Amino acid sequence: MTISIRPAAPADLPLIAQFIRDLAVYEKLAHEVRFDEAKLGEKLFGPRPYAEVVIGELGGEPQGFALFFHNFSTFEGRPGLYLEDLFVHPEARGSGLGKALLAHLAQLCVTRDCARLEWSVLDWNTPAIGFYQNLGAKLMDEWTVMRVDGDALTDLAAA
């Protein structure tokens, strides 16, 4: 089956929203999905896009996606890409689509003179961790993710 990767277009917004919901179900986090689809579209395709999306297709049918954005490494003095979401429908796993999506992002990194491609993975997701390690990714287990959101974010902003 033919694998193709293409940039998402505004018409793909319902598809992107469904991929995000499907990913949340897989990660047992569906209860945390709160986005408004119109606002998501504005942030992805509006005058100042905050992230990019590519759609992975098998035989012309969308089966996965990757949502990513630039970050910056002060140590490297260069940008990087941060992969926020990667999802391939369960029935399409093993087809090479996940690897093709990551290879596409790696090609973007090289083309854009990025120092690295980074992402987070849930501790319990051993199939994904093994998949990523087989591609040459390494665990950055000396780092802990920190987050401020909700009321804590509002309180910090007011400080």
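Residues numbered from 1 in each chain as written. Predicted model: local features only at pLDDT ≥ 70, side-chain atom pairs only at ≥ 80, totals over all residues. Heavy atoms only, no water.

Draft legend 1. The layout of surface pockets, seen in detail. Of the volumes computed, that of the largest pocket is approximately 1,800 Å³. In terms of lining residues, the largest pocket is bounded by 48 residues, among which L23, E27, E84, D85 and L86 are the most central. Here the residues of the lining of the largest pocket are counted per class, giving 30 nonpolar, seven polar and 11 charged. Roughly 1,100 Å³ of volume is contained in the second largest pocket. Lining the second largest pocket we find 27 residues, and of these E118, W119, K138, M140 and W143 sit closest to its centre. Elements that contribute at least two residues to the lining of the second largest pocket include exactly β3 (61-73), β5 (117-119) and α4 (126-134). (1 Å grid on protein atoms, 1.4 Å probe; cavity = no way out; pocket = protein on both sides within 12 Å on 5 of 7 lines; lining within 4 Å. Points joined across faces, edges and corners; volume = space filled by probe spheres on them. Nonpolar A, V, L, I, M, F, W, Y, C, P; charged D, E, K, R; others polar. Helix = DSSP H or I, 4+ residues; strand = E, 2+ residues; numbered from the N terminus.)

Draft legend 2. Expanded view of the side chain of S73. Structurally, S73 can be placed in strand β3. Among the residues examined, S73 registers a relative accessible area of 5% and is labelled buried. Once residues lying within four places of it in the same chain are set aside, the contact partners of S73 are R78 and R116. (Buried < 20%, exposed > 50% of the residue type's maximum accessible area, 1.4 Å probe, protein only. Contact = heavy atoms within 4.5 Å.)

Draft legend 3. Main features of the packing of aromatic side chains. Under the definition given, this model contains six aromatic pairs. Plain terms: the ring middles of F19 and F65 are 5.3 Å apart, the flat faces sit at 5° to each other, and that makes the pair stacked. Taken together, the residues span a long stretch of sequence, with F19 in helix α1 (residues 13-26) and F65 in strand β3 at a distance of 46 residues. According to the relative accessible area criterion, F19 is buried, its value standing at 1%. On the basis of relative accessible area, F65 is assigned to the buried category, the value being 0%. Plain terms: the ring middles of W119 and Y132 are 5.0 Å apart, the flat faces sit at 65° to each other, and that makes the pair edge-to-face. Taken as a pair, W119 in strand β5 and Y132 in helix α4 lie far apart in primary sequence, 13 residues in all. (Phe/Tyr/Trp six-rings, centres within 6.5 Å; stacked < 30°, edge-to-face > 60°.)

Draft legend 4. Highlighting helix α3 (residues 97-111). With 15 residues, α3 should cover 21 Å at 1.5 Å per step; its first-to-last C-alpha distance of 21 Å lies within 8% of that length. For α3, the set of buried residues is L97, G98, L101, L102, L105, L108 and C109. One face of α3 carries all of its buried residues, which in axial projection span an arc of 145°. Relative to its buried face, α3 has exposed residues pointing more than 90 degrees away, namely K99, Q107, V110 and T111. With its phi angle positive at about 55°, D113 sits one or two positions after the end of α3. (Expected span 1.5 Å × (residues − 1). Arc of directions from axis to C-beta.)

Draft legend 5. Representation of the pattern of salt bridges. This structure, assessed with the given rule, holds seven salt bridges. Between R6 and E57 there is a salt bridge whose closest N-O contact spans 2.8 Å. Of this pair, R6 sits in strand β1 (residues 3-7) while E57 sits in strand β2 (residues 52-58), and the two are 51 residues apart along the sequence. For R6, a relative accessible area of 25% corresponds to the partly exposed category. Given a relative accessible area of 12%, E57 falls into the buried group. R21 serves as the salt-bridge partner of E37, at 3.7 Å between the closest nitrogen and oxygen. (Salt bridge = Lys/Arg side-chain N within 4 Å of Asp/Glu carboxyl O.)

Draft legend 6. Quick look at the pairing of β3. The pairing of β2 with β3 spans seven bridges and is classified as antiparallel. Along β3, the bridge assignment pairs E52 with F68. The pairing of β3 with strand β4 (residues 78-88) spans 10 bridges and is antiparallel. Of the residues in β4, the one forming a bridge with F68 is L83. Linking two consecutive strands that pair antiparallel, namely β3 and β4, is a turn of four residues; a positive phi of about 70° is found at G77 within it. (Pairing = 2+ DSSP bridges.)

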